[in-house]
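# Secondary and tertiary structure notes
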Amino acid sequence: MIAFVEMTVTFAALTALCLFLNTKMRLAAGLTPLFVLCGTMVWYSTLGSVHMLVPAGIVWFGAAAAACVWLWRKHKDIRWREFFSPAMVYFLLASLAVIVLFAVRRPIFNEWDEFSFWGIAPKVVKTENQLYTYNPGEMRVSTFVPGIIMLDYAFQFLGSVFVPWKVYAAYDILFFAVFAAAISMLGRRHWHIAVPAAAVLTLVPYMVSVYQRGIYVQTTYMNAYSDIPMGLLFGAGLVLYFAPRKKTPILMTGAVLAVTASCLSKDMGFALCLIAAAIICFDLLFIQKEDVPFFRLKGLGGKLCWCASLVGAPLAAFFGWAAHMSVVLGSNRFDIGGSADMGMVQMVTTGIAELLGIGRTQKFTDIMELMKSAFFNTRLTMFSVGAPDSTLGRIFNGSGFITVLLILSILLAAFLLGDKRMRVRTAWTALWSSLGFAAFYIFTGFTYVYVFGEELAYGLGDYNRYIYPYYAGWLVLAVTMLCASLKNAKPGSLGTLFLLALCGGCIWRADAYLQPQLTVLDYPDSHYAGRRLQVEQVEAAKHYLTRDDKVFIVSMTQQGVGWFQLYYEFYPDVAVDYSFGAGEEFSPDIVRRADAMPGFFTEEQVDYFTSQPFTPAVWCDYLEASGCTAIYMDEWDAAFAENYGALFADGLKSGATLYRVEGAGADMHFVPLNGEEAVS
Amino acid sequence: MRRVKAFWNSIWKNDRRLVALCYAVFLAGSILASLYGFAEDAYQRAQGNVAQTEISGAQEDLFALTDLEQEGDLYTSTSVDPRMELDLAAVSPTGVPAYVRRVTVRVTFLNMDPGELSVFYKPRADMEEYDATYRVWAHKEAEDGVYTFTLPRGALYGLRLDPGIYSGMQFRLESVIINEPRGFFEWFLPTRPWLLCLAVVPLLTASVLKYLALAAAALGARRADGKT
């Protein structure tokens, strides 16, 4: 209940800032949530990078309080009718619905990368009240850009403990802000356009990422992965710019904030935000006829200054984060490592050279062929019809090609329905966004060639997840252009029915692919059964441990996912050893790797533990050297029990999950704390 | 009559009235659908097609057990995928296909939470295996071990209860009740999908009607222009 109140207060503060922007700055109501949220991401990221996260939060809420005071004094200036436009009503209702739903259902993290970064990072930030780079603990990834984590923090700021569902709510509120911006040009008179457009937009995260009717819960709208937010933030800058016809300085400021937020969403966001910035700059310089003053600078000079801001702000964010990484983490952002061990610039130049045929390797040829084939044949969206084996199903197969065709057809409809200016604008935007997609697609190909290992590269590992962010942003942009054209189109023309047909099609596909009980709407409690049991067990184990303890985890799970989940659950109450990343291998036959050793080990210690098989005696030495005082047994197999069982006082037969490390050297043994044989 | 006509005409000119009408129709439709559900259920029960059957958990001949050991009403799972397939022909007055609207399970889990408790069903005669697409989860009524599963209306060719997802799980199955009647007001309880439909369907319908009205008006104006 308290979390619900905290979330509602934060949301009310966000709404107050929106109302202020609408009243004072005359920014269209539907654009204000996106403006505020992008500003929030940039604000918290900037101050967080200089170790001032708490002041950032205080100022943010102070600004909201100041906005409330200002609005109270100028309440006669508030244009409520204009503020409650269809876009704003959609944003408010959808956001509040999500807050209520999550407050009731309280979803928790359940996916692999939520434990490796997207869930643990906001927990670390909330706990420490500083950016995760300053005190990452045992987080294995701490170099990711902070924008989305800072958005999470903004919604976690009120409250004393970290609440996972607030992360999901923050993501969804951002989504709704982007969608609201896309229909922000539609006034109350155009509600009949706004309704189907909002329905299409709300389905976009599903449309671009679900390609089959599954039997497990589809976690869209309750997932902390950053791919969909990154894609929508790519669209955000474009939507902010293209939604209203009149380009004002406050609107341009919003566009600058949005492309910067896109840059801060994920590393690939940098490429996407530059594409968005380029499209906006072209329109501003060559299509936009009216002045867009930059402070007092008018004419071409003003426009050039806005262009410089659109490119300069993300560049500043990119290099700023590189500098932060260098100073705080001592790592080089430009060194992307990977299979070819290249720098970022070298990867791009080598890729372009190979693309042009200069020094082209077989691997490059093979992977680019695979990328080409995947574009036509890999199913990744809901835009498919019929059984995959049927003729119709083979053509309309939900591939990238079909998705691009659909997006271009929406842009074509926008072109046909628009007036002369809108036609020019739409045509150029369609061209540049298509070229941007080609560049993005080829760039993704480069990452497969130069960054990924052979197996992942030739299997195009996670292809869908890397590609669909562009489709998400592009689709939102296309719907924005369509709405902008429809606003001024002749009522009753056949073209105006296109949006309804699109909406009907999306609902039809969503109905075919999604079962309400397997979505955010009505998922069964059992979806989290395994995780809830794990949480219960960890909470029980914590009773036996103190802040002075350090736990070694045995979790012979695939890729060591169990370790990441347990680290998340134990944090911050009990210190957890990296435990070699857990994983399926735990036997006296293996030799441990140096990169799995604690950072505080001396060279001699690292040499000692990496130069001999991991026998029970070596494990005991490791526990002593690393300061581990307890062992948490998550998953192990019969071979483990055979090899190491003698170290456990109960021979691993009492059902205990927690053991106290006692004795030293050859006398070291592990005493059960919570099994049948535990000493009370 | 004149008033009705005037109201009808005003709907197309007043957007608020149009939206309000769509909401009213949706709500009325929902109530009618619930009433129909109640009446149809009562009719089928009167005809004997839908009958309430209570199966004791200690019965040994009605469930085909997979990875489960039974001692009276005490069950122990021996794998992470225990299953209890019901002999539908034995509990249905109409044989197979059977008309199962509701399954109520009274159970006490002794040593652990079941994780997932779900019911699989076969809606078609040609289904050899159970399909995860045809599955429902319980709406737990209270913390008293009563799990209720509501199945889609229609004939079923198979029914399977999956009592949990852990090995070594022990539970006492008091009873399984097939087709326990729903109270009158239960037919009107809103579900989350219905709430979403309530928010979206009337608005979308109003939007379509508005489009059609605008198209008709534009067409009329064009014709009028053509005549002049």
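Residues numbered from 1 in each chain as written. Chains lettered and ligands numbered in written order. Predicted model: local features only at pLDDT ≥ 70, side-chain atom pairs only at ≥ 80, totals over all residues.

### Focus: the overall build of chain B
As a reminder, the rule being used: For the purposes of this entry, the term helix denotes a DSSP run of H or I that reaches at least four residues, the term strand denotes a run of E that reaches at least two, and both are numbered from the N terminus. A radius of gyration in this sense is built from C-alpha atoms; the matching globule rule multiplies 2.2 Å by the number of residues raised to 0.38. Three exposure classes are used. Buried residues have 20 or more other C-beta atoms within 10 Å of their own C-beta, exposed residues have 12 or fewer, and partly exposed residues fall in between, all C-beta atoms being placed from the backbone. Once C-beta atoms have been placed from the backbone, residue pairs whose C-beta atoms lie within 7 Å are recorded as contacts.
For chain B, the helix and strand inventory stands at 4 helices and 14 strands. Taking 2.2 N^0.38 as the reference for a compact globule, 228 residues should give roughly 17 Å; the C-alpha atoms of chain B span a radius of gyration of 25 Å, well beyond that estimate. The 228 residues of chain B split such that 22% are buried. Looking at chain B alone, contacts between residues at least 24 apart form 74% of all its contacts between residues at least 6 apart.

### Focus on the overall build of chain A
Scanning chain A for helices and strands turns up 27 helices and 7 strands. Radius of gyration (C-alpha) of chain A: 27 Å, near the 26 Å computed for a compact globule of 680 residues. Taking the contacts inside chain A whose residues are at least 6 apart along the sequence as the reference set, 70% of them involve residues at least 24 apart.

### A short note on the sheet that holds strand 4 (residues 575–576) of chain A
The test is simple: Any two strands with at least two DSSP bridges between them are considered paired.
Taken in spatial order, the 5 strands make up an open sheet running 4-3-5-6-7 (chain A), and their pairing is mixed. In the strand order of this sheet, the two ends are held by strand 4 and strand 7 (669–672) of chain A, each with one partner.

### What about the sheet that holds strand 2 (residues 63–66) of chain B?
Residue and element names in this part refer to chain B. Worth spelling out the cut-off: To get an axis, fit a line to the C-alpha atoms, keeping to the stretch in contact for a helix; angles then go from 0 to 180 degrees between the N-to-C directions.
If you walk across this open sheet you meet the 5 strands as 2-5-13-8-9, and the pairing is antiparallel. Two strands lie at the open edges of the sheet, namely strand 2 and strand 9 (135–137), each paired on one side alone. Neighbour to neighbour, the strand axes of the sheet diverge by 20° on average, direction disregarded. As defined by bridge partners, strand 2 adjoins strand 5 (residues 83–86) across 4 bridges and the pair is classed as antiparallel. Looking across to strand 5, one finds that Leu-65 is bridged to Met-84.

### A look at the environment of Trp-428 of chain A
Residues and elements named next belong to chain A. Along the chain, Trp-428 turns up in helix 19 (residues 420–450). Separated by 146 residues in the primary sequence, Trp-428 and Phe-282 place their C-alpha atoms 8.6 Å from one another. Beyond its immediate stretch of four places on either side in the chain, Trp-428 contacts Phe-282, Asp-283 and Ile-287.

### Remarks on the interface of chain B and chain A
Just so we agree on the cut-off: Three classes are used: nonpolar for Ala, Val, Leu, Ile, Met, Phe, Trp, Tyr, Cys and Pro, charged for Asp, Glu, Lys and Arg, and polar for all others, with Gly counted as polar.
At the interface, 24 residues of chain B touch 22 residues of chain A. It is helix 4 (residues 192–227) of chain B that provides the largest number of residues to the side of chain B that touches chain A, a total of 15 residues. Looking at the side of chain B that touches chain A residue by residue, the class counts come to 16 nonpolar, 3 polar and 5 charged.

### Things to note about helix 12 (residues 249–263) of chain A
This is how it is decided: A helix is expected to span 1.5 Å for every residue after the first.
Over its 15 residues, helix 12 of chain A runs 21 Å from end to end, which matches the ideal 21 Å to within 8%, given 1.5 Å per residue. The buried fraction of helix 12 of chain A is high, at 13 of 15 residues.

### Side note on the domain arrangement of chain B
Stated formally: These domain limits were set by an automatic method or by a database of domain assignments.
Taken domain by domain, chain B consists of domain 1 (9–21 + 29–37 + 183–219) and domain 2 (53–180). Its C-alpha centre places domain 1 of chain B at a distance of 37 Å from the equivalent point of domain 2 of chain B.

### Topic: the packing of helix 10 (residues 191–207) of chain A against helix 22 (residues 497–513) of chain A
Residue and element names in this part refer to chain A. Here is the rule: The sense of a crossing depends on the near helix, which, turned anticlockwise from the far helix by less than a right angle, makes the crossing left-handed and, turned clockwise, makes it right-handed.
Relative to each other, helix 10 and helix 22 sit at 35°, their axes nearing to 9 Å. Both helix 10 and helix 22 take part in a crossing whose hand is left-handed. Touching Ile-193, Pro-196, Ala-197, Ala-199, Val-200, Leu-203, Tyr-206 and Met-207 of helix 10 are Leu-499, Leu-500, Leu-502, Cys-503, Cys-506, Ile-507, Arg-509 and Ala-510, all from helix 22. Broken down by class, the residue content of the contact of helix 10 with helix 22 amounts to 15 nonpolar, no polar and 1 charged.

### Side note on unusual backbone geometry
Only a minority of non-glycine residues have a phi that is not negative, and only a minority of peptide bonds are not trans. Residues and elements named next belong to chain A. Following Tyr-571, the chain continues to Pro-572 via a peptide bond in cis, the omega torsion being 0°. Secondary-structure assignment places Pro-572 in the loop between helix 24 (561–570) and strand 4. Non-glycine residue Leu-460 carries a positive phi angle of around 45°. Here Leu-460 is to be found in the loop between helix 20 (454–458) and helix 21 (463–488).

### Comments concerning the environment of Cys-18 of chain A
Residue and element names in this part refer to chain A. Within the secondary structure, Cys-18 sits in helix 1 (residues 2–24). Cys-18 gets classed as buried once you count the C-beta atoms within 10 Å, which come to 27. For the pair formed by Cys-18 and Ala-64, sequence separation is 46 residues and the distance between their alpha carbons is 9.3 Å. Sequence-distant contacts of Cys-18, defined by excluding residues within four places in its chain, comprise Thr-32, Pro-33 and Val-36.

### Here we look at the pairing of strand 5 of chain B
All names here are of chain B. By the alternation rule, side chains of strand 5 split into Met-84 and Leu-86, which are all buried, and Arg-83 and Glu-85, of which none is buried. Here strand 5 pairs with strand 13 (residues 158–162) via 3 bridges, running antiparallel. Considered in strand 13, the bridge of Glu-85 is made with Arg-160.

### Describing the domain arrangement of chain A
Residue and element names in this part refer to chain A. Here chain A is described as being made up of domain 1 (2–185 + 226–333) and domain 2 (529–672). Here domain 1 and domain 2 have C-alpha centroids that lie 40 Å from each other. Contacts between the two partners involve 12 residues from domain 1 and, on the opposite side, 10 residues from domain 2. Among the residues making up the side of domain 1 that touches domain 2, the classes are represented as 5 nonpolar, 5 polar and 2 charged.

### So, the packing of helix 11 (residues 227–242) of chain A against helix 21 of chain A
Residues and elements named next belong to chain A. Keep this limit in mind: Put simply, angles under 35 degrees are roughly parallel, angles over 145 are roughly antiparallel, angles from 65 to 115 are roughly perpendicular, and the rest are oblique.
Taken N-terminus to C-terminus, the directions of helix 11 and helix 21 make an angle of 25°; their axes are 7 Å apart at the nearest point. For the element pair helix 11 / helix 21, the angle class is roughly parallel. Where helix 11 crosses over helix 21, the handedness of that crossing is right-handed. Where helix 11 approaches helix 21, its residues Asp-227, Ile-228, Met-230, Gly-231, Leu-232, Phe-234, Gly-235, Leu-238, Val-239 and Phe-242 are matched on the opposing element by Arg-465, Tyr-468, Pro-469, Tyr-470, Ala-472, Gly-473, Trp-474, Val-476, Leu-477, Thr-480, Met-481 and Ala-484. Of the residues belonging to the contact of helix 11 with helix 21, the class tally is 16 nonpolar, 4 polar and 2 charged.

### Structural notes on the pairing of strand 3 (residues 550–555) of chain A
All names here are of chain A. Counted residue by residue, strand 3 has 5 buried out of 6 residues, so it is predominantly covered. Across 2 bridges, the pairing between strand 3 and strand 4 is parallel. Directly across from Val-551, in strand 4, lies its bridge partner Val-576. Examined bridge by bridge, strand 3 and strand 5 (residues 630–635) share 5 bridges and lie parallel to one another. Bridge pairing links Ser-555 to Glu-635 in strand 5.

### Concerning helix 26 (residues 616–626) of chain A
Residues and elements named next belong to chain A. Definition in use: Directions from the helix axis toward the C-beta atoms define the arc.
Within the span of helix 26, buried status applies to Trp-619, Cys-620, Tyr-622 and Leu-623. Mapping the buried residues of helix 26 onto a view down its axis gives an arc of 160°, with all of them on the same face. Positive backbone phi, approximately 80°, marks Gly-627, located one or two places after helix 26.

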